[in-house]
Amino acid sequence: METLLNISIAQRFELPQPSFSFISDISDIFNTNETASDIVNGIIDNIPLPQWTIYLLAALGVIVIVLVVCCVCVCCCRKRRKKQQQKQADTLVKQKQQGGQTNSELVQPGTNEVKFKQHRGKLLYSLEFDTTLSELKVGVKQASSLKAMDLGGTSDPYVKVYILPDKTKTCETKVLKNTLNATFNETFNFQISKATLVTSTAVLQVFDFDRFSKHDIIGELRLKLGQVDWNHVIEEWRDLQEPTNEEEENLGEICFSLRYVPTSSKLTVIILEAKNLKSTDINGSSDPYVKVQLALDKRKWKKKKSTIKKNTLNPYYNEAFTFKVTLEQIRRVNLVISVWDHDPMTPNDPTGKIFLGCDAQGNQLRHWADMLANPRRPVAQWHTLLSSEQVNAALPLKRKIPLASVEKVNLLREILVQSSAKKF
């Protein structure tokens, strides 16, 4: 009755009648006495899909099963590894407690993983104080077994030296390429009194040089000068420690390009961009612009300014400034680049400063030397901004305008000759 009712309904509404051929074929396959492979082939032949689709679905199913199994195995291995690390940490903590030392050096708070001291290398330095001249001599001799900071397993180390708390002078060694065992043999002199020496600290920081990004610090030494026996010269090896950088004030970085063409006597400075500038406004932002200044024989000479970028601490400029500098003058010129925060109501605030040229040191002198060694080719590099006080102490500029050049004198002479000729 149900079959007749379904047929009548299908005929009444003109619906297609269901076909039971596929099901009957499957039942016929299982009713026959055939092998398992014949049965599988028969099922595949009767499935209303192409064979490549069937094989693809089967392969996907196998892949899914394998992935599930792998995930389960990985989870089990992680749990087993955590248990082993927990046991090792507990064992080390017990040993440390038995030795009378705290366990905070071994286990990091909030985790169950063991914290080991990271090896950063060693540094050979020397200290000598001349009481008659009130001069401290800090020698940077060698570095060994430094931590590799580059992808190739090496570093480009150099050492920065300064005295706290004043930090009016910062010295840098040369950069040694692709090495973890560097020999510097450089000595830096600092003018300091005996009374100030007792409360001062000498800081020696080892950096990895990188032209197109911020230099990574490898390690540092902080030497309490009040605890040093100055009756003889100190020279010893010490392990580099993890840097603290508590006294470092982050003023930001600036990237610019230098290009000098001797034949045309043109010095081109391209201010590209700056990042992570110090905020000087109440809203946490700034309106920075860059001032490019030339000093000849430590006297203010020429200057130009960039455009003002509104409400940003990461401005992009890409502005070029060209100066006429002869080959004889380029050896006596210093380039001062400073970042300022524009304020229409109050005086502009200095954000950071840096200078390059014949009186510069470290990375600044290196950039300037690369420009002179590669004429007619732009040389770009990132620099960390320093405070205005630190730069002014290293490069004290005179306010007096330098004497007129020979070209200006000749021009004045021509004007005087022409004016006298008109009178007569």
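Since we're looking at a predicted model, the values are computed, not measured. (Residues numbered from 1 in each chain as written. Predicted model: local features only at pLDDT ≥ 70, side-chain atom pairs only at ≥ 80, totals over all residues. Heavy atoms only, no water.)

Q: Quick one: what's the story with the overall build of the protein, residue by residue and with numbers?
A: The number of helices and strands found in the protein is 8 helices and 16 strands. Here the protein holds 424 residues, and the buried ones make up 34% of them. Long-range contacts, defined here as pairs at least 24 residues apart, represent 63% of the contacts in the protein between residues at least 6 apart. (Helix = DSSP H or I, 4+ residues; strand = E, 2+ residues; numbered from the N terminus. Buried < 20%, exposed > 50% of the residue type's maximum accessible area, 1.4 Å probe, protein only. Contact = heavy atoms within 4.5 Å.)

Q: Residue-level account of unusual backbone geometry, with values.
A: Following Leu164, the chain continues to Pro165 via a peptide bond in cis, the omega torsion being 10°. Mapping Pro165 onto the fold places it in the loop between strand E3 (157–164) and strand E4 (170–172).

Q: Give me the pairing of strand E13 (residues 316–324): which residues, what numbers.
A: Residues Tyr317, Glu319, Phe321 and Phe323 line the buried face of E13, whereas the alternating positions Tyr316, Asn318, Ala320, Thr322 and Lys324 sit on a face that is not buried. Pairing of strand E10 (residues 266–275) with E13, which is carried by 7 bridges, proceeds in the antiparallel orientation. Pairing of Ile271 across the sheet is with Glu319, part of E13. (Pairing = 2+ DSSP bridges.)

Q: Tell me about the confidence of the model for the protein, residues and numbers included.
A: Mean pLDDT over the protein works out to 79, with 72% of the residues at or above the 70 mark. Here helix H1 (residues 2–12) is the element of the protein with the lowest mean pLDDT, 49, and E13 is the one with the highest, 96. Of the regions scoring below 50 in pLDDT, residues 96–116 engages in 23 contacts with residues more than four places distant in sequence or in other chains. (pLDDT = per-residue confidence, 0-100.)

Q: An account of the nonpolar core is requested, with residue identities and associated values reported.
A: By size, the foremost hydrophobic cluster in this structure holds 30 residues, and its most contacted members are Leu123, Leu136 and Leu204. Listing elements by their share of this core, those giving two or more residues are strand E1 (122–130), strand E2 (135–144), E3, strand E5 (182–191), strand E6 (201–208) and strand E7 (216–224). Leu204 has contacts with Leu123, Tyr125, Val138, Val140, Val159, Lys160, Val161, Gly219, Glu220, Leu221 and Leu223, leaving out every residue within four places of it along the chain. Ranked by size, the runner-up nonpolar core spans 28 residues in total, among them Tyr317, Val325, Leu335 and Val339. (Core = buried A, V, L, I, M, F, W, Y, C linked by side-chain atoms within 4.5 Å.)

Q: Any chance you could break down the pattern of salt bridges for me, citing the residues and the numbers?
A: Per the stated rule, a full pass over the model turns up 5 salt bridges. Residue Arg222 pairs with Glu220 through a salt bridge whose shortest N-O separation is 2.7 Å. Using a relative accessible area of 28% as the deciding quantity, one classes Arg222 as partly exposed. Of the charged contacts, one joins Asp297 and Arg332 as a salt bridge, the two residues approaching to 2.4 Å between their closest N and O atoms. One end of the pair, Asp297, is in the loop between strand E11 (288–296) and strand E12 (299–305); the other, Arg332, is in the loop between E13 and strand E14 (333–341), with 35 residues separating them in the sequence. Because the salt bridges share partners, they merge into one network encompassing Asp297, Glu328 and Arg332. (Salt bridge = Lys/Arg side-chain N within 4 Å of Asp/Glu carboxyl O.)

Q: I'd like a description of the sheet that holds E3, backed by residues and values.
A: Judged by pairing direction, the sheet is antiparallel, and its 4 strands sit side by side in the order E4-E3-E6-E7 without closing on themselves. The sheet is open, and its two borders are formed by E4 and E7, each paired with just one other strand. Strand-to-strand twist in this sheet, taken as the mean axis angle between neighbours without regard to direction, amounts to 20°. (Axes fitted to C-alpha atoms, helices over the stretch in contact; angles between N-to-C directions.)

Q: A description of the sheet that holds strand E16 (residues 379–384) should follow, citing residues and the corresponding values.
A: Spatially, 4 strands are ordered E13-E10-E9-E16 in an open sheet, and the strand pairing comes out antiparallel. Both outer strands of the open sheet, E13 and E16, are each paired with one neighbouring strand and no more. Each neighbouring strand pair of the sheet contributes to a mean axis angle of 20°, computed without reference to strand direction. Where helix H6 (residues 362–373) meets the sheet, its contacts fall on strand E9 (253–261), E10 and E16, and the angle it forms with E16 comes to roughly 170°.

Q: Describe the pairing of strand E15 (residues 349–357), naming the residues involved and giving the relevant values.
A: The buried fraction of E15 amounts to 7 of the 9 residues, a majority that puts the element mostly inside the structure. The pairing of E14 with E15 spans 8 bridges and is antiparallel. When the bridges of E15 are listed, Asp341 appears paired with Asp349.

Q: Before we move on, could you go through the side chain of Lys353 and cite the residues and values that matter?
A: Among the structural elements, Lys353 can be located in strand E15. Here Lys353 occupies a buried position and makes no salt bridge, while the nearest side chain of opposite charge, Glu389, is found at 9.1 Å. Polar side-chain contacts of Lys353 include one of 2.9 Å to the side chain of Asn392. Each residue touching Lys353, except ones within four places of it in the same chain, is listed here: Val336, Ile337, Ser338, Leu385, Leu386, Ser388, Val391 and Asn392. (Lys, Arg positive; Asp, Glu negative; His and termini not counted. Polar contact = N/O pair within 3.5 Å; in protein donor to acceptor, adjacent residues only side chain to side chain.)

Q: Can you break down the packing of aromatic side chains residue by residue, with the values?
A: Enumeration according to the criterion identifies 2 aromatic pairs in this entry. Considering the side-chain rings of Phe129 and Trp230, the 6.0 Å spacing of their centres and the 55° angle between planes classify their relative orientation as tilted. Of the two residues, Phe129 sits in strand E1 while Trp230 sits in the loop between E7 and strand E8 (234–239), which places them 101 residues apart along the sequence. By relative accessible area, Trp230 is classed as buried at 16%. Judged by centre distance (5.7 Å) and plane angle (20°), the rings of Tyr158 and Phe207 are stacked. Placement of Tyr158 in strand E3 and of Phe207 in strand E6 is noted, with a sequence separation of 49 residues between them. Considered together, Tyr158 and Phe207 belong to a single accessibility category, that of buried residues. Just above the ring of Trp340 sits the side chain of Lys291; from NZ or CZ to the centre is 4.5 Å. Above the face of the Trp301 ring, Lys302 is positioned so that its terminal group lies 4.2 Å from the ring centre. (Phe/Tyr/Trp six-rings, centres within 6.5 Å; stacked < 30°, edge-to-face > 60°. Lys NZ or Arg CZ within 6 Å of the ring centre and 35° of its normal.)

Q: With reference to specific residues and values, describe the side chain of Ser306.
A: Residue placement: Ser306 occurs in the loop between E12 and E13. Residue classification places Ser306 among the buried positions, given a relative accessible area of 10%. There is a polar contact of 2.8 Å between the side chain of Ser306 and the backbone nitrogen of Val290. Contact partners of Ser306, with chain neighbours within four places excluded, come to Tyr289, Val290, Tyr317, Glu319 and Phe321.

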